[in-house]
Amino acid sequence: MMYPPIAVGTILQNRYRILRVLGQGGFGRTYMAEDRGRFNEACAIKEFMPNTSSGYALEKSRQLFQREAAILYQIQHPQVPQFRAIFEQDQRLFLVQDYVDGSTYRALLDQRLQQGQAFTEAEVITLIRQLLPVLQHLHGKGIVHRDITPDNIILRRQDHLPVLIDFGVVKEIVTRVHQVEADTQSTTVGKPGYAPHEQTQTGRAYPSSDLYALAVTALVLVTGKEPQTLYDDVMLTWNWQPWATLSPAFAQIINRMLSYRPSDRYQSVGELAAALQVLGPAPPSPPPLSQPATQALPQRPDLSQMRTVAVGRRPDPTSVRQNPPPPSSPTQQVTRPTQVVPPRRVEPSRQSEPSGWDDPWAVLVILASSAVIAGIGSWAVWSAIFSPASNPPVVEQPVDPVPEPEPEPEPEPEPAPEPVEYSQLVRLTPGETRVLEGNLKQNETLNYRIGAEQGQTLAATLEDEGVLLTVYAPNRELAGGRRSQRVSAWEGLLDFTGEYTVQLSPVQGVGQSDYTLVLRLEAAPEPEPEPEPEPEPEPEPEPEPEPEPEPEPEPEPEPEPEPEPEPEVVSERIVFPPGSTGTIITNRTSPDIIRRYLVNARQSQILSVEVLEGSPTFNIRYPNGSLVEGASGQSFWQALLPQGGSYQIDVVTNRPTPFVLDISVVDSVE
């Protein structure tokens, strides 16, 4: 059911007054409003528009809204709109956040394209550096944005900093609600072209997924082209070089962020920040980007931005130093040239003064003084010649010791890469052959999951020597015993109905290797009809004996009921992907199989389990095996864990059915 836009002036919750519509998409609308409870402060209200009138869908939306609100509440960063509240009114769900006054980078790019220009490399590098602290804050809390595009980055007018908006919350809620109603399995959040393959194909996202989308955003801004133009979907490579010229160092960083494999990208914001150091220190805060960048013209220098230098004092005309001492600090000093001042001309006095030679007593005093001075001078010369320490003492000037260079620390050996495991679903029909190609590194394992039925024949063959395969049955045991473990080819008759796994791993000692895997599934052979037995000749009739009296029949004992077989328990340990707090499991079950999933959690964490598709229920048990109160026969359960350990989640059903199970473990919000 599609609701019309809320009229301007409407007051929601007796608090929020609608001012105007900011935007609308297929998943909801965004309004600008004023919060009368916060002195009419501007805020943004996002409205979720479920395209359904199903009561189940509305209840599911409420549950997802509560869960996502708990995640958004943890984000406290000045470059992320502050989450305020959620509420429901007239069967509409609303989310309130701070309003950001500014322009999206999509709007800024459109302005530049109208003038035949795009963003410069320096501007894009500055944008990436300014967004790294935001992503560091999010990833540190286990939150992945999942929808980084030019439309979801706003240049705030107040301080000219980029603000990250729209965490894909409303879009994910709508997608998951529609999946349940349409009985589909795909879970995709992220704009096509910006989201990496692991996010669009499996719905899983890691911190490196955000860095991938950030690199695509940078290329769109610097080239002015959309991802569909820059990406070769046949060769699965990015071809942006014809549209932009980047420095070699920055081009290398962008290409690594765009790697197809998540393990080949930068694994964290810290790694990307360290790589950006080769581009030099970050420049000062740039001016507003609302105007397009143009070629710089010669202008008068801005004196407020010039470096301060020391200038020598103007020399004193009365005392000019011929050899000024060198400056004591390493700061460069700029001095003016020494001015040579000619001696002043002394004018003779107009009125003559009487001479001292006219007084005889003065003459006697002068002669006596001269004799005394001559005697002292002779004694000084005699002492200087015959003194045992005839050489004058040498005064040594203190010299600063030259510091010895410190030895450079030896580089620490790089740690061995952590093992990485991938999983991919392959749909095979009987009689079909699939050829899969790829490349595996030493620390990687790839699982191809294939649905098959009992009695069918599965064949798997590797055409390369650097990779081996292992085939597992649905119960996680080897499908063909030792014959199906670490081999180059295997073919066998399947004993169970369910999901088989063909696991690829490199040979020990091989750094990486290409592989070509050929898979073929054959239908179960039809049973041959049994030959009809030939009719036996009829025997000749014998004379009938006289009938004997029939004894009374004894009462037959009632058969004892056969005990029902206990269902088989198939256990699987759940390990969340790096940077994620949950996972989605797709499988099948039946009355004779219990799917048991083991999840490790700590005390005071929140465990959430939900059946997204199918009709089974689940039971949850404590690490000691006892049943959790209120967690029996449930399709949705969420609670704060009183103790830590390995919890058991048993999926049970009374009829064969496929199912999709959502399991997540998050820290509680204090």
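Everything below is about the structure printed above this text.
Now for a look at the structure at hand. What you see is a predicted model; the values in this text were computed from it and never measured.

Okay, unusual backbone geometry next. At Asn-14, a position not held by glycine, the phi torsion is positive, near 55°. Turning to its location among the elements, Asn-14 is positioned in the loop between strand E1 (11–12) and strand E2 (16–24). Classification of Asn-14 as exposed rests on a relative accessible area of 64%.

Overall, mixed pairing links the four strands, which are arranged E22-E24-E28-E26 in an open sheet. Single-partner strands in this sheet number two, and they are strand E22 (568–573) and strand E26 (617–621). For this sheet, the mean inter-axis angle between neighbouring strands, taken without regard to orientation, is 25°. Note that E26 and strand E28 (residues 645–652) share five bridges and pair antiparallel. The partner of Phe-618 across the bridge, within E28, is Val-651.

Below, the discussion takes up the nonpolar core. Nonpolar side chains in soluble globular proteins tend to end up buried together. With 57 residues, the main nonpolar core has Ile-128, Leu-219, Met-257 and Leu-272 as its most contacted residues. Those elements that place two or more of their residues in this core are helix H1 (55–72), strand E6 (92–98), helix H2 (105–114), helix H3 (121–140), strand E8 (153–156), helix H6 (207–223), helix H8 (248–257) and helix H9 (269–276). With eleven residues, the top contributor of residues to this core is H6. With sequence-adjacent residues up to four places away left out, Met-257 is seen in contact with Leu-211, Tyr-212, Leu-214, Ala-215, Arg-265, Tyr-266 and Leu-272. Listed in part, the 27 residues of the second largest apolar core include Leu-446, Leu-494, Tyr-500 and Leu-504.

Ordered by their spatial adjacency, three strands build an open sheet running E7-E8-E9, and the pairing between neighbours is antiparallel. Bordering the open sheet on either side are strand E7 (102–104) and strand E9 (162–164), each of which pairs with just one other strand. Going across the sheet, the axis of each strand differs from the next one's by a mean of 35°, ignoring polarity. Sheet topology places E7 next to E8; three bridges connect them, and they run antiparallel. Bridge assignment links Gly-102 to a residue of E8, and that residue is Arg-156. Set on the sheet, H3 makes contact with E8 and E9; between it and E9 the angle comes to about 35°.

Quick look at the packing of H3 against H9 now. Following both chains from N to C, one finds H3 and H9 inclined at 160°, their axes separated by 9 Å at the closest point. What the angle tells us is that H3 and H9 run roughly antiparallel. Both H3 and H9 take part in a crossing whose hand is left-handed. Judged by residue contacts, Ile-128, Arg-129, Leu-132, Leu-135, Gln-136 and His-139 of H3 engage Val-269, Gly-270, Leu-272, Ala-273 and Leu-276 from H9. In terms of residue class, the contact of H3 with H9 is built from seven nonpolar, three polar and one charged.

The final tally for this structure, using the stated rule, is 21 salt bridges. With a shortest N-O distance of 3.7 Å, Asp-151 and Arg-106 are connected by a salt bridge. With Asp-151 in the loop between H3 and E8 and Arg-106 in helix H2, the pair connects residues that are 45 residues apart, well separated along the chain. For Asp-151, a relative accessible area of 30% translates into the label partly exposed. A salt bridge links Lys-441 to Asp-264; the shortest N-O distance between them is 2.3 Å. Residue Lys-441 is located in strand E15 (residues 433–441), and its partner Asp-264 is located in the loop between H8 and H9; the two are separated by 177 residues in the primary sequence. A residue is classified by how much of its surface remains accessible, and Asp-264, at 25% relative accessible area, is partly exposed.

So, how was this worked out
- Residues numbered from 1 in each chain as written.
- Predicted model: local features only at pLDDT ≥ 70, side-chain atom pairs only at ≥ 80, totals over all residues.
- Heavy atoms only, no water.
- Helix = DSSP H or I, 4+ residues; strand = E, 2+ residues; numbered from the N terminus.
- Buried < 20%, exposed > 50% of the residue type's maximum accessible area, 1.4 Å probe, protein only.
- Pairing = 2+ DSSP bridges.
- Axes fitted to C-alpha atoms, helices over the stretch in contact; angles between N-to-C directions.
- Core = buried A, V, L, I, M, F, W, Y, C linked by side-chain atoms within 4.5 Å.
- Contact = heavy atoms within 4.5 Å.
- Parallel < 35°, antiparallel > 145°, perpendicular 65-115°, else oblique.
- Left-handed = near helix turned anticlockwise from the far one by under 90°.
- Nonpolar A, V, L, I, M, F, W, Y, C, P; charged D, E, K, R; others polar.
- Salt bridge = Lys/Arg side-chain N within 4 Å of Asp/Glu carboxyl O.

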